[in-house]
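A closer look at the structure
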Amino acid sequence: MKLASQSQLSSWLPSIHPQVWIFAIGRFLSEVGTSFTLFYAPIFFVNQLGLSATSVGVALGSASISGIIGRIAGGSLADSEDWGRRRTLLLATAISAIASLVLAATDNFTSLVIGSSLISGLGIGFYWLAAEAVVADASQIDNRRETFAIARLADNLGLAIGIVLAGFLIAIIGSYRWLFVIDAISFMVFFGVVYLGISETEHQQIEEPEKTELFAAWMAVLRDGRFLVYIVVNIFFTIYISQIHSTLPLYFKNFVFVESTTKGFTETTISGLFAWHLVFAIICQLPVTSILKRCSHTLALTVSAIFWAIGFGLIWVSGIAPSHHLLWVTLALGVFAVAIVSYTPSAASLVTELAPENQRGVYFSINALCWAIGSFIGHPLGGWALDRPQIITNTYWLGFILSVAIAAAILQYLNRILAD
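Here's what I pulled together on the structure shown here.

Criteria and thresholds
- Residues numbered from 1 in each chain as written.
- Predicted model: local features only at pLDDT ≥ 70, side-chain atom pairs only at ≥ 80, totals over all residues.
- Heavy atoms only, no water.
- Helix = DSSP H or I, 4+ residues; strand = E, 2+ residues; numbered from the N terminus.
- Buried < 20%, exposed > 50% of the residue type's maximum accessible area, 1.4 Å probe, protein only.
- Areas by Shrake-Rupley, 256 points an atom, 1.4 Å probe, with all protein chains shown as cover.
- Patch = residues over 30% accessible without salt bridge, like charges linked within 9 Å, V, L, I, M, F, W, Y side chains within 5 Å.
- Salt bridge = Lys/Arg side-chain N within 4 Å of Asp/Glu carboxyl O.
- Axes fitted to C-alpha atoms, helices over the stretch in contact; angles between N-to-C directions.
- Parallel < 35°, antiparallel > 145°, perpendicular 65-115°, else oblique.
- Left-handed = near helix turned anticlockwise from the far one by under 90°.
- Contact = heavy atoms within 4.5 Å.
- Nonpolar A, V, L, I, M, F, W, Y, C, P; charged D, E, K, R; others polar.

1. Focus: the overall build of the protein
- Broken down by element type, the protein carries 16 helices and zero strands.
- Every one of the 420 residues in the protein was classed for burial, and the buried ones make up 58%.
- Total accessible area on the protein stands at roughly 17100 Å², and carbon and sulfur atoms take up 70% of it.

So, in structure tokens, the structure goes:
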């Protein structure tokens, strides 16, 4: 019985490169801090600073502008033998710590844009593609999805713990600004983990006589038709994810009312809801990854799209239902958790397989641009919807259900061209 248990554990946790585990610890610690602000920032800026939901959405979405610069430059730096993944990560965490401190002092729209758009977006841009490249370099074809799943598991675990702690902290001290200070400290800790525990990946140290020139590398990626089709559909997914981080917390606070009252959910309830979302994602991450490993990447992404549609449908119900609002929201966030864990490992694995090894940084850079575009569209769009009459705000979620049909059609086309 004991041997069988060990064998089963081994199947869930295949041989993972030691550097991935160290990096996962760093990501976990960083995400604990990130979750302090990720879900509460829109509530703070709208309900306490008095900014409109649209202006906050525009400010948060504007981070994508500097994020695009960071992603383009970061992809090139991550692939550079003179700079590499490790230094790019160090630069990203330092910039992100500064951004969090600026946001902690924010008291108007201008300082919000400076902290969010000019600084935070740049740090995020540098971070994600280098982080994905580190995991990709340390993975093998037969365990690539599981390796990415471990990284996502660390992210979600950190977010889950952080959001619970943030909810208690707000309930005790009533100040949102300390959340940004804690976020800055978490980035400093992550900087230390990368500096002490992460070495440059082996891929960067191999002699590459055929290494492509920078401009030629970008042009080669833009001529990859299969990858460009994936990019189009990936933007749909990143817009969906942006709604969880910015639109839904404010929607739960101001539009989904507690039974028999005209008040939205409390911060403690919102904290519990998103903690449930993240904990369920943690529980589902490895089992869902194992199940979908038998499927093609496009089929796995189609499964994710279907779950997104179901989740948005449940959010719509939560806004119009006469009762049991908490139940509908809880179900929706559980479905969204499955949608995300179905999406992230398969999407990252598909990019890794499409990219030549010496151009992974550039491929992940363009892939990361999807997140910038998704945020640029999703945050202002969500803010606009929340500033409209409630009938429009509620109908807003139905539009996402219709968009899933378009995403699914693109995925079927991508499946055909990948098979050719």
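2. Remarks on a nonpolar patch on the surface
- A grouping of Ile65, Ile373, Phe376, Ile377, Leu381, Trp384, Ile391 and Ile392 is seen on the molecular surface, where their side chains present a nonpolar patch of about 710 Å² in accessible area.
- Position of Phe376 among the secondary structure elements: in helix α15 (residues 360–386).
- The partly exposed category is assigned to Phe376, whose relative accessible area is 44%.

3. Topic: the packing of helix α3 (residues 41–48) against helix α11 (residues 225–254)
- As a packed pair, α3 and α11 sit with axes 8 Å apart at the nearest point and diverge in direction by 50°. Relative to α11, the element α3 lies oblique. At the point where α3 passes α11, the crossing takes the right-handed sense. Of α11, the residues touching α3 (which contributes Pro42, Ile43, Val46 and Asn47) are His245, Ser246, Pro249, Leu250, Lys253 and Asn254.
- Across the contact of α3 with α11, the residue classes tally to five nonpolar, four polar and one charged.

4. Re unusual backbone geometry
- With a phi angle near 60°, His324 is a residue other than glycine that sits in the positive phi range.
- One can find His324 in the loop between α13 (297–320) and α14 (325–354).

5. Observations regarding the packing of α11 against α14
- Viewed as axis vectors pointing N to C, α11 and α14 meet at an angle of 150°, and their least axial separation amounts to 11 Å. Viewed along their axes, α11 and α14 adopt a mutual orientation that is roughly antiparallel. Classified by chirality, the crossing of α14 by α11 is left-handed. For the pair α11 and α14, the contacting residues are Arg226, Phe227, Tyr230, Asn234, Phe237, Thr238, Ile241, Ile244, Leu248 and Phe252 in the first and Val329, Leu333, Phe336, Ile340, Tyr343, Ala347, Leu350, Val351 and Leu354 in the second.
- For the contact of α11 with α14, the per-class residue count stands at 16 nonpolar, two polar and one charged.

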